[in-house]
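Descriptive structure summary
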Amino acid sequence: MTFLLDALGTLVTFDPPAPRLRALLAERHGIEVAEEEAAAAMRAEIALYRREHDRASDRAGLAELRRDCAAALRGALPERAHDIDVDELVPTLLDAIRFFAYPEAADVLDALRARGHRLAVVSNWDVSLRDVLDATGLAERVDAVVISAELGFAKPSVEPFAAALEALGAEPSGAWHAGDTVEHDVAGALAAGVRPVLVRREILSPAPPMPPGVPTIPDLRGLLALAV
Ligand SMILES: [Mg+2]
């Protein structure tokens, strides 16, 4: 069997970056901001990143995108931060966002592989996802990684799913795709002929509207029951 896996919200996540950003701004740049001011600036940065991340299809594009993100962050900070050099703000921004793997991710990937299943990450991300998967110990636990910025197509387009299946030499009919959004993961998988499973870690909000028959699991351990 084949398992395709979304990255953010499915395999990896990050701590709220505002407290760390606030500390780094004080420590490295001598600028004091309130936590809410740091949070507002991060929201502006993340909004730009979400719109633009597929520009970062190579390292040069990534460097340019990161500079633009740092500029967006600076522009959304209080005026006293506007003199910070953008190039000096890039490492501060990157260090404020710390990705980590969900606690069960490595064990579940290892267990799936031990049963002979093949695994691919299918993510809407820039080229730096490879660094994140390396740093979190997940890169060596999957057989392929498909990144929207490298491919030129993002979920819910069918191309990322097709590229992952091709990389694994697999057919859509024997594949599952696990992801945390209906919009990108469930819809895209269905369009690509892959069976979707929604990873819904946050159960405080109402269930999202979803096509019938799509299983929901609270974390990745739920995949082990599907992998019969
Ligand atoms: Mg996601």
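Predicted model, so just to flag it, every value in this text is computed and none were measured.

The next thing to look at is the coordination of the magnesium ion. The protein atoms that coordinate the magnesium ion are Asp-6 (OD), Leu-8 (O) and Asp-180 (OD), at distances of 2.1 to 2.2 Å. Between the donor residues of the magnesium ion, the gaps in sequence give the motif D-x1-L-x171-D.

On to the pairing of strand β1 (residues 2-5). The two faces of β1 match: Thr-2 and Leu-4 on one face and Phe-3 and Leu-5 on the other face are all buried. As paired elements, β1 and strand β6 (residues 175-179) share four bridges and run parallel to each other. Considered in β6, the bridge of Phe-3 is made with Trp-176.

This part covers helix α4 (residues 86-96). Those residues of α4 that sit buried are Val-86, Leu-89, Val-90, Thr-92, Leu-93 and Ala-96. In this fold, the buried residues of α4 make contact with α1 (18-29), α2 (35-52) and α3 (59-76). The N-capping residue of α4, defined by a side-chain oxygen 2.8 Å from the backbone nitrogen of Asp-87, is Asp-85.

Now for the domain arrangement of the protein chain. You can read the domains of the protein chain as domain 1 (2-13 + 100-226) and domain 2 (18-97). Centre-to-centre, using C-alpha coordinates, domain 1 lies 28 Å away from domain 2. Residue-level contacts link 10 residues of domain 1 with 10 residues of domain 2. Buried surface at the junction of domain 1 and domain 2, summed over both partners, amounts to about 740 Å²; 46% is from carbon and sulfur atoms. For the domain 1 face of the interface with domain 2, the top three residues by lost area are Asp-126, Val-127 and Ala-149, together amounting to 56%. Inspection of the region where domain 1 meets domain 2 yields one salt bridge. In this structure, Arg-59 engages Asp-131 in a salt bridge whose closest nitrogen and oxygen atoms are separated by 3.0 Å. Between domain 1 and domain 2 we count five residue pairs in polar contact (both at pLDDT 80 or more) in total. The greatest single-element share of the side of domain 1 that touches domain 2, amounting to three residues, is contributed by helix α7 (residues 148-151). Among the residues making up the side of domain 1 that touches domain 2, the classes are represented as four nonpolar, three polar and three charged.

Analysis parameters
- Just so you know, the residues in each chain are numbered from 1, in the order the chain's sequence is written.
- For a predicted model such as this one, the threshold for reporting local features is a pLDDT of at least 70, and the threshold for listing and counting side-chain atom pairs is 80 or more; totals across whole chains, interfaces and linings nevertheless cover every residue.
- As a rule here, side-chain values come from all non-hydrogen atoms in the structure, and water together with hydrogens is ignored.
- Distances define the donors: N, O and S atoms within 2.8 Å of the metal qualify, as do those within 3.2 Å of Na, K or Ca. Water is excluded, so some sites may look unfinished.
- Think of it in three bands: with a 1.4 Å probe and only protein chains considered, a residue is buried below 20% of the maximum accessible area for its type, exposed above 50%, and partly exposed in between.
- Segments assigned H or I by DSSP are reported as helices when at least four residues long, segments assigned E as strands when at least two residues long, and all are numbered from the N terminus.
- Pairing between strands is defined by DSSP: at least two bridges between them are needed.
- We call two residues in contact whenever any of their non-hydrogen atoms come within 4.5 Å of each other.
- Two N or O atoms form a polar contact when they lie within 3.5 Å of each other; inside protein one atom must be a possible hydrogen donor and the other a possible acceptor, and for residues adjacent in sequence the pair counts only when both atoms belong to side chains.
- Per the annotation, domain bounds derive from an automatic or database assignment of domains.
- Here the quantity called buried area is the total loss of accessible area, with a 1.4 Å probe, experienced by two parts when brought into contact, counted for both.
- The rule for a salt bridge is simple: a side-chain nitrogen of Lys or Arg has to be within 4 Å of a carboxyl oxygen of Asp or Glu.
- By the convention adopted, Pro, Cys, Tyr, Trp, Phe, Met, Ile, Leu, Val and Ala count as nonpolar, Lys, Arg, Asp and Glu as charged, and the other residues, Gly among them, as polar.

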